[in-house]
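Listed below are the residues making up each chain.
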Amino acid sequence: MDPKERDTAASPSRPTGRREASAASGGSREGAPTGFTPGGGGAGDSPSGKVSGKRILVVGLGKSGIAAARLLMREGARVVLNDRRTDVEGLEPLVALGAEAQLGHHDEALFTSVDAVVLSPGVPPLPAVDAADAAGVPVWSEIELGALFLRGCTVVGITGTNGKSTVTSLLGAMAAKTGRPTFVGGNLGIPFVDVVGTDAAGPEGFVVVELSSFQLERVETFRAHVALLLNVTEDHLDRYDGMAAYAAAKGRIFHGQRKEDHAIVPAGDELCASLARAGAAKLHRYAGFVSGEESPKPEVFVDGDALCDTKSGLRFPIAELKIRGGHNLANAASAMLAARLAGIGQDAIVETLRTFGGLPHRMFFVRERGGVRFYDDSKATNVGATVAALEGFATDPGFTGKVVLLAGGKDKGGSYAPMVESLRRVGREVVTLGEAAPLIEAALGDVPFQRASDFDDAVTRAAQIARPGDAVVLAPACSSFDMFRSYAERGERFQRAVLALPEVG
Ligand code: ADP
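Nothing here was measured: the structure is a model prediction, and the numbers come from that model. (Residues numbered from 1 in each chain as written. Predicted model: local features only at pLDDT ≥ 70, side-chain atom pairs only at ≥ 80, totals over all residues.)

## Quick look at the overall build of the protein chain
Scanning the protein chain for helices and strands turns up 17 helices and 20 strands. Taking the principal axes of its C-alpha atoms as reference, the protein chain extends roughly 70 × 55 × 35 Å. Looking at the protein chain as a whole, 55% of its 505 residues qualify as buried. Considering only intrachain contacts with a sequence separation of at least 6, the fraction spanning at least 24 residues in the protein chain is 69%. (Helix = DSSP H or I, 4+ residues; strand = E, 2+ residues; numbered from the N terminus. Buried ≥ 20, exposed ≤ 12 C-beta atoms within 10 Å, placed from the backbone. Contact = placed C-beta atoms within 7 Å.)

Put into structure tokens, the structure is as follows:
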């Protein structure tokens with residue numbers, strides 16, 4: 001299962017464990033243009049001291065959990081491995097080195113008797129974690145653990161409901177182009193703890209980390225020198241006790257920041273700005289298209305035919321961007337701003353914007369058939385992403401057709417109403433599928449729809465409905481778990497079904 005879309009959640013409740021002193025070390029680096037003192041991610045004076053000789057429980061033994069356990073063992077902790085599953089891969093080498101494995105259940109007595117608990121992002125809310133909190137046992141996310149061992153690198157953290165992976169990849173590529181050692185990972189790709197011990201964690205390094213709300217719930221001293229909150233729209237409400245709790249988890253990205261750090265939010269988004277203001281960092285704003293009404297004005301935005309950084313003077317022609325859609329202009333603007341604030345030079349920024357072609361399953365063009373273009377946006381696992389996909393067509397002057405939308409999957413507890421307005425403007429018909437089909441249909445009002453009997457039927461119906469000039473778009477607004485193991489598997493199935501459609505005469 002893809003780590004970005006598995007049924008993940010640590011406890012939404014605030015951590016109540018003992019708070020560690022935040023005393024990041026690291027001297028100022030000559031010429032650092034950003035104003036902050038690179039100081040790791042918030043480590044205490046002796047990170048090893050926090051774990052060496054301590055009995056530490058690692059809960060959730062997926063990729064991140066195993067990586068966390070390996071780090072803890074290297075640092076001399078007495079590691080206990082715990083998972084509800086008993087068929088966990090990759091344990092033998094750790095057990096051979098002395099780790100203790102307690103599998104099959106989450107025993108409260110175990111959680112309250114250790115010196116600290118490390119939670120993988122895949123761990124759902126657990127009574128045993130609440131018990132650890134109540135007993136004052138520190139509970140860390142794998143991000144917090146990794147942050148203890150950073151050694152003076154520049155940390156750029158990215159969160160938001162949508163766009164995290166795109167912006168993380170853009171910024172990672174920009175950082176790497178500087179020639180400095182760079183780590184890109186976290187919620188995307190490589191577990192964050194794997195940065196520990198690499199050159200990227202050192203004073204010359206860049207650490208670009210994508211952070212999910214689940215990972216952020218359990219950060220305490222993690223410090224992003226540059227933190228981006230891209231947006232907060234309804235998602236994961238099957239896991240959170242309402243939007244306020246979800247937004248608060250996202251806002252934790254600003255928690256460990258200091259006044260010399262930078263907090264970046266979209267212009268005109270008061271929720272994101274208020275979350276950033278709760279931290280100590282300087283606030284910066286960006287936008288894609290602007291109305292001119294924004295106050296305060298964004299530092300980076302679309303000015304005529306270019307993305308423009310008003311502080312550095314950099315203008316990047318929109319026509320040269322490979323990623324399309326208004327949301328991607330905003331993503332590119334956020335990356336331009338964050339890169340400048342992190343001290344990344346203009347050559348690296350420009351070169352990346354020119355070459356970055358986007359990520360798989362995000363508005364991926366699959367095929368044109370009889371004048372109809374098919375797009376795989378399987379990663380649109382919430383309504384905000386589906387709206388972005390529809391708006392991309394609605395605002396594209398080169399698109400004169402309509403969109404046939406494939407929507408449905410596993411419901412996440414939010415409202416489907418926000419997509420209706422976009423559908424009225426640019427939608428031809430919706431093909432609903434999966435468990436959420438009745439919920440979506442109930443929200444559609446006068447927007448026409450048909451329900452598919454299965455996934456292939458959805459593709460066949462969409463192809464029949466579409467007329468030349470139209471686009472068929474898989475942007476399901478739901479997770480994939482009712483039918484697939486991940487959004488990627490769903491997208492691949494879509495692409496196969498589309499490619500298998502016979503040519504039209
Ligand atoms: P994340 O890592 O946050 O899930 P991705 O970059 O993988 O973000 O994109 C997820 C989905 O959201 C895709 O369908 C993509 O087209 C859409 N998307 C990307 N950026 C934005 C944005 N800024 N606002 C709304 N939707 C977006």
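And the narrative resumes.
## Concerning helix H17 (residues 487-500)
End to end, H17 covers 20 Å across 14 residues, agreeing with the expected 20 Å (1.5 Å per residue, within 8%). Looking only at H17, the buried set comprises Tyr-487, Arg-490, Gly-491, Phe-494, Gln-495, Ala-497 and Val-498. The buried side chains of H17 occupy one side of the element, clustering within an arc of 165° when seen end-on. Exposed residues on H17 whose side chains face more than 90 degrees from its buried face are Arg-496, Leu-499 and Ala-500. (Expected span 1.5 Å × (residues − 1). Arc of directions from axis to C-beta.)

## Examining helix H16 (residues 455-465)
Three or more residues of H16 are buried, namely Phe-455, Ala-458, Val-459, Arg-461, Ala-462 and Ala-463. Considering only its buried residues, H16 is in contact with strand S17 (403-407), strand S18 (427-432), strand S19 (449-451), strand S20 (471-474) and H17.

## Notes on the domain arrangement of the protein chain
By domain assignment, the protein chain separates into domain 1 (44-144), domain 2 (150-355) and domain 3 (364-500). The C-alpha centroid of domain 3 is placed 40 Å from the C-alpha centroid of domain 1. (Domains from an automatic or database assignment.)

## Some remarks on the site of the ligand
The immediate surroundings of the ligand are formed by 20 residues, with Gly-163, Lys-164, Ser-165, Ala-385 and Ala-388 found nearest. Those elements that place two or more of their residues in the shell around the ligand are helix H7 (164-176), helix H11 (326-342) and helix H13 (383-394). The biggest single contributor to the shell around the ligand is H13, with four residues. Each residue belonging to the shell around the ligand can be placed in one class, and the counts come to seven nonpolar, nine polar and four charged. Inspection of the shell around the ligand shows a minimum of three residues originating in each of domain 2 (150-355) and domain 3 (364-500). (Near = placed C-beta within 6 Å. Nonpolar A, V, L, I, M, F, W, Y, C, P; charged D, E, K, R; others polar.)

## Focus: the nonpolar core
With 106 residues, the main nonpolar core has Val-117, Val-118, Leu-171, Val-207, Ala-333 and Ala-338 as its most contacted residues. Here the element with the most residues in this core is H11; it accounts for eleven residues. For this core, the two domains that each supply at least three residues are domain 1 (44-144) and domain 2 (150-355). Beyond its immediate stretch of four places on either side in the chain, Ala-338 contacts Val-156, Leu-171, Val-226, Leu-228 and Ile-264. (Core = buried A, V, L, I, M, F, W, Y, C linked by C-beta atoms within 7 Å.)

## Some points on the sheet that holds S17
Strand order in this open sheet of six strands is S15-S16-S20-S17-S18-S19, and the pairing throughout is mixed. If you trace the sheet from one side to the other, it starts and ends with strand S15 (364-369) and S19, each paired once. Taking the axes of each pair of neighbouring strands and ignoring which way they run, one obtains an average angle of 20° across the sheet. Relative to S19, S18 is paired through three bridges, and the arrangement is parallel. Bridge pairing links Val-430 to Phe-449 in S19. (Pairing = 2+ DSSP bridges. Axes fitted to C-alpha atoms, helices over the stretch in contact; angles between N-to-C directions.)

## Brief notes about the confidence of the model for the protein chain
Reading fine detail from the predicted coordinates is not recommended where pLDDT is low. With 91% of its residues at a pLDDT of at least 70, the protein chain reaches an overall mean of 90. Predicted confidence is poor over residues 5-33, with pLDDT under 50, and the contacts of this stretch with residues over four places away or in other chains come to 77 contacts. (pLDDT = per-residue confidence, 0-100.)

## Quick notes on the sheet that holds strand S4 (residues 116-119)
Read across the open sheet, the five strands follow the order S3-S2-S1-S4-S5; overall the sheet is parallel. Each end of this open sheet is capped by a strand with a single partner; those strands are strand S3 (100-103) and strand S5 (139-141). If you compare each strand with its neighbour and ignore which way they point, the axes differ by 25° on average. Relative to strand S2 (residues 78-83), strand S1 (residues 55-59) runs parallel, the two sharing five bridges. The residue of S2 that forms the bridge with Leu-57 is Val-80. Of the strands in this sheet, S1, S2 and S4 are in contact with helix H2 (residues 63-74), which crosses S1 at around 165°.

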